[in-house]
Amino acid sequence: MNILWGDVVYHLREFIRLSADLRNHYNEISKQCREENEAVIITMNGCKDMELLEMLIEAEEDVTNGRIMPIQDTFNDLGSILKGK
């Protein structure tokens, strides 16, 4: 994950942890964030949330790499699929 702060881009590694980990391993997670320049994403629903986060990360990579198209094209494609064309 890259974060732009003023004119400086910071690169952060990110980790996904369950909400129970925050309760059970708070000191470890706190140290990880402070000392290792790592973002920690806390999820409450486990795998379901992680699947969504993975999709969002893939989407961010698509935008970064120019793999985009007009939204109307996407809606047209979906409409064709739903109509069985």
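Up top is the structure these notes are about.
Residues numbered from 1 in each chain as written. Predicted model: local features only at pLDDT ≥ 70, side-chain atom pairs only at ≥ 80, totals over all residues. Heavy atoms only, no water.

### What to know about the overall build of the protein chain
Stated formally: Counting from the N terminus, the helices are the DSSP runs of H or I reaching at least four residues and the strands are the DSSP runs of E reaching at least two. Relative accessibility thresholds used throughout: buried, under 20% of the residue-type maximum; exposed, over 50%; partly exposed, between the two (1.4 Å probe, protein chains only). Every residue pair with non-hydrogen atoms within 4.5 Å of one another is taken to be in contact.
Along the protein chain, the regular secondary structure elements total 4 helices and 4 strands. Counting from the amino terminus, helix and strand elements in the protein chain follow one another as β-β-β-α-α-β-α-α. Buried residues in the protein chain amount to 14% of all 85 residues. Within the protein chain, residue pairs in contact and separated by at least 24 positions form 44% of the contacts whose partners lie at least 6 positions apart.

### A short note on the environment of Ser 19
In this structure, Ser 19 sits in helix α1 (residues 19-24). With 22 residues separating them along the chain, Ser 19 and Ile 41 place their C-alpha atoms 9.2 Å apart. Apart from the residues lying within four places of it in its own chain, the contact partners of Ser 19 are Ile 42, Thr 43 and Met 44.

### What to know about helix α2 (residues 26-35)
Note the following rule: Comment: arc refers to directions from the helix axis out to C-beta atoms.
For α2, the full list of buried residues reads Ile 29, Ser 30 and Gln 32. One side of α2 holds all its buried residues, which, seen down the axis, span an arc of 160°. Opposite its buried face, α2 presents the exposed residues Asn 27, Arg 34 and Glu 35, each directed more than 90 degrees away.

### A closer look at a negative patch on the surface
Applicable threshold: Note on patches: the residues involved have over 30% relative accessible area and no salt bridge, like charges join within 9 Å, and the nonpolar side chains Val, Leu, Ile, Met, Phe, Trp and Tyr join within 5 Å. Accessible areas in this description were obtained via Shrake-Rupley with a 1.4 Å probe; residue shielding takes into account the shown protein chains only. Definition used for salt bridges: Asp or Glu carboxyl oxygen within 4 Å of a side-chain nitrogen of Lys or Arg. The charge count includes Lys and Arg as positive and Asp and Glu as negative, but it does not include His or the ends of the chains. Taken as the charge centre is NZ of Lys, CZ of Arg, CG of Asp or CD of Glu, depending on the residue.
Residues Glu 51, Glu 54, Glu 58, Glu 60 and Glu 61 make up a contiguous surface patch of negative charge. Structurally, the position occupied by Glu 58 is in helix α3 (residues 47-64).

### A closer look at the pattern of salt bridges
Taken as a whole and assessed by the stated rule, the structure comprises 2 salt bridges. Where Glu 35 meets Lys 31, a salt bridge forms, and the shortest distance between an N and an O atom there is 4.0 Å. Of this pair, Glu 35 and Lys 31 both sit in helix α2, separated by 4 residues, roughly a single helical turn. By relative accessible area, which is 52% here, Glu 35 ends up exposed. Note on Lys 31: relative accessible area 40%, which makes it partly exposed. Note that Asp 62 is salt-bridged to Arg 67, the shortest N-O span being 2.7 Å.

### Quick notes on helix α4 (residues 71-83)
Put simply, the rule is: Between the first and last residue of a helix there are one fewer steps than residues, each counted as 1.5 Å, and that sum is the expected span.
Under the 1.5 Å per step criterion, the end-to-end length of α4 is 18 Å for 13 residues, consistent within 8% with the ideal 18 Å. Once α4 ends, the next one or two residues include Gly 84, with phi positive near 80°.

### Section: a nonpolar patch on the surface
A grouping of Ile 71, Phe 75, Leu 78 and Ile 81 is seen on the molecular surface, where their side chains present a nonpolar patch of about 420 Å² in accessible area. Mapped onto the secondary structure, Phe 75 falls in helix α4.

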